[in-house]
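Coordinate analysis (summary)
Next come the chains, spelled out residue by residue.
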Amino acid sequence: MSRIQAAVEQPSTSSPLSRERSLALARTIEQNVTYIIEHCKLPPKADAALHMLIARVLAAARQLQEDSSSDAALAQILSTLHDYRDAFDHSPAASSHRH
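Below is a short write-up of the structure. (Residues numbered from 1 in each chain as written. Predicted model: local features only at pLDDT ≥ 70, side-chain atom pairs only at ≥ 80, totals over all residues. Heavy atoms only, no water.)

This next bit is on the packing of helix α1 (residues 2-9) against helix α4 (residues 71-87). Taken N-terminus to C-terminus, the directions of α1 and α4 make an angle of 140°; their axes are 11 Å apart at the nearest point. In terms of orientation, α1 and α4 fall into the oblique class. You can see that α1 and α4 cross each other, and the crossing is left-handed. Every residue of α4 that contacts α1 at Ile-4, Gln-5 and Val-8 is listed here: Leu-74, Ile-77, Leu-78, Leu-81 and Arg-85. When its residues are assigned to classes, the contact of α1 with α4 shows 6 nonpolar, 1 polar and 1 charged. (Axes fitted to C-alpha atoms, helices over the stretch in contact; angles between N-to-C directions. Helix = DSSP H or I, 4+ residues; strand = E, 2+ residues; numbered from the N terminus. Parallel < 35°, antiparallel > 145°, perpendicular 65-115°, else oblique. Left-handed = near helix turned anticlockwise from the far one by under 90°. Contact = heavy atoms within 4.5 Å. Nonpolar A, V, L, I, M, F, W, Y, C, P; charged D, E, K, R; others polar.)

Two numbers describe how helix α2 (residues 19-39) lies on helix α3 (residues 44-66): the axes approach to 8 Å, and their chain directions differ by 155°. What the angle tells us is that α2 and α3 run roughly antiparallel. Here α2 and α3 pass one another in a crossing that is left-handed. Touching Arg-19, Ser-22, Leu-23, Leu-25, Ala-26, Ile-29, Glu-30, Val-33, Ile-36 and Ile-37 of α2 are Leu-50, His-51, Ile-54, Val-57, Leu-58, Ala-61, Leu-64, Gln-65 and Glu-66, all from α3. Residue composition of the contact of α2 with α3, by class: 13 nonpolar, 3 polar and 3 charged.

The next point concerns the packing of aromatic side chains. Across all of its chains, the model carries 1 aromatic pair by this definition. Here Arg-3 stacks its cationic end above the ring of Tyr-35, 5.5 Å away from the centre of that ring. (Phe/Tyr/Trp six-rings, centres within 6.5 Å; stacked < 30°, edge-to-face > 60°. Lys NZ or Arg CZ within 6 Å of the ring centre and 35° of its normal.)

Before going further, it helps to spend a moment on the pattern of salt bridges. Applying the stated criterion to the full structure yields 1 salt bridge. In this structure, the salt-bridge partner of Asp-83 is Arg-56, at a minimum N-O distance of 2.8 Å. Of this pair, Asp-83 sits in helix α4 while Arg-56 sits in helix α3, placing them 27 residues apart in sequence. With a relative accessible area of 29%, Asp-83 lands in the partly exposed category. Arg-56 gets classed as partly exposed once you look at its relative accessible area, which sits at 26%. (Salt bridge = Lys/Arg side-chain N within 4 Å of Asp/Glu carboxyl O. Buried < 20%, exposed > 50% of the residue type's maximum accessible area, 1.4 Å probe, protein only.)

Taken by themselves, the reported measurements are silent on function.
Below, the structure written as structure tokens:
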């Protein structure tokens with residue numbers, strides 16, 4: 001998720017997004033979600049919470065692919081990343097599982 005956050009925070013990510021930037025962001029989200037799913041091993045409750053967040057960010061990525069000027073899609077991605085940070089502690093003392 002930190003890679004998705006970094007992609008969203010790139011200076012070229014401003015609203016409205018260009019068609020090219022929108023598609024690139026959607027691809028980045030999809031690639032990183034695939035990686036997360038393949039490599040993340042969490043307890044069932046945490047895994048379920050993560051999958052809810054993944055579903056939201058993927059829906060927003062699909063929306064970006066359909067409408068690159070979608071402020072709602074970008075807002076949904078930002079909201080999901082905020083909720084992710086609230087739900088998962090990435091401090092050095094936290095679990096070694098990275099998402």
